[in-house]
Amino acid sequence: MKKQIPLILFGLVLIVSIFAFVKPDGEIQLQGVVRNEAGYLVDKIEILIHKNGEYICEGKSDKYGNYSLTLFEEGTYNITVGRNNNNYYTVSDTSIQILPLKIFRRDFLLKVNKQELQHRATRLTEAYQHLEKNPMNIYYKGTYFNRFPSSMDEMLLFFSPKIPYFNLKKESDDIVTKFVDTQMVSDTSYFVKYSNILLGWTEQTDIKCYKYFTARMDGMIFKNPKGFFDVLNFYNNDDVKSILLQTLKGFNRDQLNTTFEKLSAYNPRIYKIYKETASEMNIK
């Protein structure tokens, strides 16, 4: 009997473990896509769920605007989208009836905060004008750099002709040229902003100034690949690959060999992801 006790205990532990990983029958996946009124997918938007005034869960949309949250019962929920984001007006629906389905879809459309966009676009234009008149002024350089978009969502809001409000679509070429052709801050700061923008790239990125922006940044990477690898080291593997998928488009095989092949020992993790990405892209 004593010999059987460990087996019985093992069996109980196994049963408990199995049930711990079994999804409840009433589990509902609330999924959807977040877009803005111009049709662009919006990433990193907060989705907050309450029921009867009590907090249930929260999450954020991915780079394709998709979100997925787990609920454990049907009922009427309050869903708030876009809180703590100045680019859009917050959407809040207090009467969304979630049905007992395995997957319940709910998409959201965000309206651009046109006053905030106009304010920020105007401030960037002012910084541009100051730098034009005082090209060596360190303060104006820092101001211009900081006011330039720091994500793909902001790039689209600032420069896309699809945005129905005041932005910088007419001045986009001049604004971007000034940003990448004037060394305003350190390479590291440029690489951080560049990487954050590339993380939001999707097939719908259609602003004409984007190609010039990435081409000029590729030139900076070519001159300082170690600095670029240093910045990439702060991102997780998936994000590094997303960034490299866009960066490596501007390089041919010879340029890759010259730029990155010497960095295998400098940063093995980033180098490995680079090699895998370049192989998948079959760069010639």
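Every residue gets a number counted from 1 within its own chain, in the order that chain's sequence is written. Where totals are concerned, whole chains, interfaces and linings use all residues; where local detail is concerned, this predicted model gives features only for residues with pLDDT of at least 70, and gives and counts side-chain atom pairs only at 80 or more. For the side-chain quantities, the full set of heavy atoms in the structure was used; hydrogens and water were omitted.

Novice: Is there a simple way to explain the overall build of the chain in this structure?
Specialist: When you go through the chain residue by residue, the secondary structure sums to 11 helices and 8 strands. In terms of overall size, the chain is more extended than a compact globule, its C-alpha atoms giving a radius of gyration of 24 Å where 284 residues would be expected to give roughly 19 Å. Principal-axis analysis of the C-alpha atoms gives the chain an extent of 85 × 50 × 35 Å. For the chain, buried positions account for 43% of its 284 residues. Accessible surface area values rest on a Shrake-Rupley calculation with a 1.4 Å probe, where residue burial reflects the displayed protein chains alone. Here the chain displays about 15900 Å² of accessible surface, and carbon together with sulfur accounts for 54% of that area. Counting 37 positive and 32 negative side-chain charges, the chain places the centres of these two groups 3 Å from one another. For the purposes of this entry, the term helix denotes a DSSP run of H or I that reaches at least four residues, the term strand denotes a run of E that reaches at least two, and both are numbered from the N terminus. In this treatment the radius of gyration is a C-alpha quantity, and the globule benchmark scales as 2.2 Å times the residue count to the 0.38 power. Relative accessible area decides the class of each residue, using a 1.4 Å probe on protein chains only: under 20% of the type maximum gives buried, over 50% gives exposed, and in between gives partly exposed. We score Asp and Glu as negative and Lys and Arg as positive, and we do not count His or the chain ends. Every charge is mapped onto a representative atom, which is NZ of Lys, CZ of Arg, CG of Asp or CD of Glu.

Novice: What's the story with the pattern of salt bridges in this structure? I'm lost.
Specialist: Two side chains of opposite charge can pair, provided their charged atoms sit close to one another. One side-chain nitrogen of Lys or Arg within 4 Å of one carboxyl oxygen of Asp or Glu is enough to make a salt bridge. Applying the stated criterion to the full structure yields 11 salt bridges. With a closest N to O distance of 2.9 Å, Lys51 and Glu73 form a salt bridge. You can see Lys51 sitting in strand β2 (residues 46-51) and its partner Glu73 sitting in the loop between β4 (66-71) and β5 (75-81), a full 22 residues away along the chain. Exposure remark for Glu73: the relative accessible area of 44% places this residue in the partly exposed category. Among the ionic pairs, Lys241 bridges to Glu280, the shortest N-O distance being 2.9 Å.

Novice: How should I be thinking about the packing of helix α2 (residues 114-133) against helix α4 (residues 152-159) in this particular structure?
Specialist: Angle between the axes and distance between the axes are the two parameters that describe a pair of packed helices. It is at 10 Å that the axes of α2 and α4 come closest, and there the two elements cross at 85°. With respect to α4, the axis of α2 lies roughly perpendicular. Taken together, the residues of α4 that come into contact with α2 (itself represented by Leu117, Arg120, Ala121 and Leu124) are Glu154, Leu157 and Phe158. The residue classification treats Ala, Val, Leu, Ile, Met, Phe, Trp, Tyr, Cys and Pro as nonpolar and Asp, Glu, Lys and Arg as charged. All others, Gly included, are polar. By residue class, the composition of the contact of α2 with α4 is 5 nonpolar, no polar and 2 charged. Fitting a line to C-alpha atoms yields each axis, with helices limited to the stretch in contact; the angle taken between N-to-C directions then spans 0 to 180 degrees. Note on angle classes: values under 35 degrees are labelled roughly parallel, values over 145 roughly antiparallel, values of 65 to 115 roughly perpendicular, and the remainder oblique. A contact between two residues is defined here by any heavy atoms of the two lying within 4.5 Å.

Novice: I'm lost on the pairing of strand β1 (residues 28-36) in this one. Help?
Specialist: Within a regular strand, side chains alternate between the sheet's two faces. Of all 9 residues in β1, 7 are buried, a share of seventy percent or more. In this sheet, strand β7 (residues 103-105) lies alongside β1 in parallel orientation, the contact comprising 3 bridges. The residue of β7 that forms the bridge with Leu30 is Phe104. Strands qualify as paired when DSSP identifies two bridges or more between them.

Novice: Help me out: how do you make sense of the nonpolar core in this one?
Specialist: Among soluble globular proteins, nonpolar side chains are generally buried collectively. Of all hydrophobic cores here, the largest spans 77 residues; its most connected members are Phe159, Phe213 and Phe228. The residues touching Phe228, leaving out its near neighbours within four places in the chain, are Phe191, Tyr194, Ser195, Ile221, Ile243, Leu244, Thr247 and Phe260. Buried Ala, Val, Leu, Ile, Met, Phe, Trp, Tyr and Cys residues form a nonpolar core when they are joined through side-chain atoms within 4.5 Å.

Novice: I'm lost on the packing of aromatic side chains in this one. Help?
Specialist: Two aromatic rings are characterised by how far apart their centres lie and by the angle between their planes. Think of it this way: a Phe, Tyr or Trp ring, Trp meaning its six-membered ring, pairs with another when their centres are within 6.5 Å, and the plane angle makes it stacked under 30 degrees, edge-to-face over 60, tilted otherwise. Applying the stated criterion across every chain, the model contains 18 aromatic pairs. Their ring planes at 25° and their centres at 6.3 Å tell us that Phe148 and Phe213 sit as a pair that is stacked. With a gap of 65 residues between them, Phe148 in the loop between α3 (138-147) and α4 and Phe213 in helix α7 (residues 209-223) connect regions that are remote in the sequence. Each member of the pair Phe148 and Phe213 is classed as buried. Seen in terms of ring centroids, Phe158 and Phe159 are 6.1 Å apart; in terms of plane orientation they differ by 65°. Their pairing is edge-to-face. The burial state of Phe158 is the same as that of Phe159; both residues are buried. Taken together, the ring pairs connect Phe145, Phe148, Phe158, Phe159, Phe179, Tyr190, Phe191, Tyr194, Phe213 and Phe228 into an aromatic cluster. Either the NZ atom of lysine or the CZ atom of arginine qualifies as a charge over a ring when it sits within 6 Å of the ring centre and within 35 degrees of the ring normal. The positively charged end of Lys193 is found above the aromatic ring belonging to Phe145, 4.4 Å away from the centroid. A cation sits over an aromatic face here: Lys249 above Trp201, 4.2 Å from the ring centre.

Novice: Hey, could you run me through unusual backbone geometry in this one?
Specialist: Excluding glycine, residues mostly have negative phi values, and the peptide bonds linking residues are mostly trans. Its identity is not glycine, yet Asn52 carries a phi of approximately 55°, on the positive side. Assignment of secondary structure puts Asn52 in the loop between β2 and β3 (54-60). Overall, the relative accessible area of 73% leaves Asn52 in the exposed class. Residue Asn84 is not a glycine yet carries a positive backbone phi of 65°. Structurally, the position occupied by Asn84 is in the loop between β5 and β6 (91-98). Residue classification places Asn84 among the exposed residues on the basis of a relative accessible area of 67%.

Novice: Even after reading the chapter, I still don't get the confidence of the model for the chain, so can you show me in this structure?
Specialist: Note: predicted coordinates in regions of low pLDDT should not be interpreted at a detailed level. pLDDT is a per-residue confidence score from the predictor, ranging from 0 to 100. Chain-level pLDDT for the chain is 91 on average; 91% of the residues reach the 70-or-more range. When pLDDT is averaged over each element of the chain, helix α8 (residues 225-232) comes out on top at 98 and helix α1 (residues 4-20) at the bottom at 45. Below pLDDT 50 for its whole length, residues 7-24 participates in 1 contact with residues either more than four positions away or in separate chains.

Novice: Sorry, what's going on with the sheet that holds β3 here?
Specialist: What links the strands of a sheet is backbone hydrogen bonding, and the strands pair in either a parallel or an antiparallel sense. If you walk across this open sheet you meet the 4 strands as β3-β2-β5-β6, and the pairing is antiparallel. Two strands lie at the open edges of the sheet, namely β3 and β6, each paired on one side alone. The sheet shows a mean angle of 25° between the axes of neighbouring strands, taken without regard to direction. Across 6 bridges, the pairing between β2 and β3 is antiparallel. Residue pairing in the sheet places Leu48 in a bridge with Glu58 of β3.

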